[in-house]
Amino acid sequence: MGAQETMKRFVRLLLLVQAAAVLLSGPGAAELSMDYYAMSCPYAEYIVRNVVGQALMKDPTLAGSILRLHFHDCFVQGCDASVLLDSTDDNTAEKDAPANKSLRGFEVIDGIKEALEAQCPGIVSCADVLALAARDAVFMARGPYYGVPLGRRDGSRSVASDTFLALPPPVKNVTLLIQIFGNVGLDVHDMVALSGGHTLGIAHCANFKDRIKNEVDTLDASLASSLGSVCRGGDSKTAPFDRTSTRFDGVYYRELTARRGLLSSDQTLFESPETKEMVGMFAMYPDYFFYAFQQGMLKMGQISLKEGDEGEVRNSCRVVNS
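Conventions and cut-offs
Residues numbered from 1 in each chain as written. Predicted model: local features only at pLDDT ≥ 70, side-chain atom pairs only at ≥ 80, totals over all residues. Heavy atoms only, no water. UniProt positions renumbered as here; feature names shortened; annotations may be inferred. Contact = heavy atoms within 4.5 Å. Helix = DSSP H or I, 4+ residues; strand = E, 2+ residues; numbered from the N terminus. 1 Å grid on protein atoms, 1.4 Å probe; cavity = no way out; pocket = protein on both sides within 12 Å on 5 of 7 lines; lining within 4 Å. Points joined across faces, edges and corners; volume = space filled by probe spheres on them. Nonpolar A, V, L, I, M, F, W, Y, C, P; charged D, E, K, R; others polar. Axes fitted to C-alpha atoms, helices over the stretch in contact; angles between N-to-C directions. Parallel < 35°, antiparallel > 145°, perpendicular 65-115°, else oblique. Left-handed = near helix turned anticlockwise from the far one by under 90°. Core = buried A, V, L, I, M, F, W, Y, C linked by side-chain atoms within 4.5 Å. Buried < 20%, exposed > 50% of the residue type's maximum accessible area, 1.4 Å probe, protein only.

Peer 1: Can you walk me through the UniProt feature "binding site: Ca(2+) 1" (unreviewed entry) in the protein chain in this structure?
Peer 2: Under the UniProt annotation, the feature "binding site: Ca(2+) 1" (unreviewed entry) is placed at Asp-73, Val-76, Gly-78, Asp-80, Ser-82 and Glu-94. These annotated residues cover 22 residues of sequence, and their C-alpha atoms all fall within 12.6 Å of one another, placing them together at a single site. Residues within four places of Val-76 in sequence aside, it is in contact with Ser-82, Glu-94, Asp-162, Thr-163, Ala-166 and Leu-167. Residue placement: Asp-80 occurs in the loop between helix 3 (62-74) and helix 4 (106-119). Residues within four places of Asp-80 in sequence aside, it is in contact with Asp-73, Ala-127, Arg-153, Asp-154, Gly-155, Lys-306 and Arg-314.

Put into structure tokens, the structure is as follows:
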């Protein structure tokens, strides 16, 4: 057995041990509970998994969309399902902010909530639905399976302007990205690992056309040509984040090392000294990426929690209870 293979096996074993420890005593475990719905809605996780599975069988690209919904929810007002609320006559909600205009998968969350309300009305929060759906979407795309502590409550505030400084923009500025993640309690390691969520899904030309023009030194020539052809169709045209965009794997990081990152904020992770080594490690050891992503998701899923009397359990994820 070669030294490299021995090292890989050692890393796998180490990560399995560490992952077990995280799942048993992860951050925030005291606030939430793995068996929160064990008595009140014992089939909650099965219902979520079933609806997500049906949706992904029809459209595998929704895996990235569902994961993105959870991200965009947690970074604004915490993980309280505020991204799911519809705009009203006197308020423009988060989902209609410029950064969220391309979000998809709302109908999947509606389907889950409808099924849960039929089984156990008024019990499972929309915030917990988002966290579970994101986990199941990752797993069904061949990514890691991780426990999701439950017990979040749904918020009532959803304002488009709250997204302006809270969501990570597709820019070439690691310092800014580190600051935005740090604002919600996530460190640099979490940032690089969670950015790996871009192993799933697509981006619109509006978000990468400037990279084609201005970042030729860090953009593979063949990819630049391909993306240029895409963007000739307009800002609404899309391209995949990596070559296996419906499969959760480490290809995203390998693409960065080959200067094939789609967004400026992707490629800058490899170009910046603060994060380059981590990208290389995740590219070389996908198991390490899986473990780090699990840790990051556990932390992200517990940003600014609303629990107990704070918040509510919405009857519909699109509107606050009357």
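Peer 1: I'm lost on empty space enclosed by the protein in this one. Help?
Peer 2: Gaps left between atoms are located by rolling a probe of water-molecule size over the structure's atoms. As enumerated under the stated definition, the model contains one cavity of 30 Å³ or more in all. Approximately 60 Å³ is the volume found for the largest cavity. Lining of the largest cavity is provided by His-70, Ala-131, Tyr-146, Gly-147, Val-148, Pro-149, Arg-152, Met-297, Leu-298 and Gly-301. Classifying every residue of the lining of the largest cavity gives six nonpolar, three polar and one charged.

Peer 1: Got a minute to help me understand the packing of helix 2 (residues 44-58) against helix 5 (residues 126-140) in this structure?
Peer 2: When two helices pack together, their arrangement is captured by the angle between the axes and the distance separating the axes. Put simply, helix 2 and helix 5 touch, their axes get as near as 9 Å, and they point 50° apart. With respect to helix 5, the element helix 2 is oriented oblique. In the packing of helix 2 onto helix 5, the handedness of the crossing is right-handed. Side by side, helix 2 and helix 5 meet where Glu-45, Val-48, Arg-49, Val-52, Gly-53 and Leu-56 of the first sit next to Val-129, Leu-132, Ala-133, Arg-135, Asp-136, Ala-137 and Met-140 of the second. In terms of residue class, the contact of helix 2 with helix 5 is built from eight nonpolar, one polar and four charged.

Peer 1: Would you take a moment to explain the nonpolar core for this structure?
Peer 2: One broad rule of soluble globular proteins: the nonpolar side chains tend to lie buried together. In terms of nonpolar packing, the biggest core is built from 75 residues, with Phe-75, Leu-84, Ile-109, Ile-112, Leu-116, Tyr-253 and Met-300 touching the most fellow members. Residues within four places of Met-300 in sequence aside, it is in contact with His-70, Phe-71, Cys-74, Phe-75, Cys-79, Leu-186 and Leu-194.

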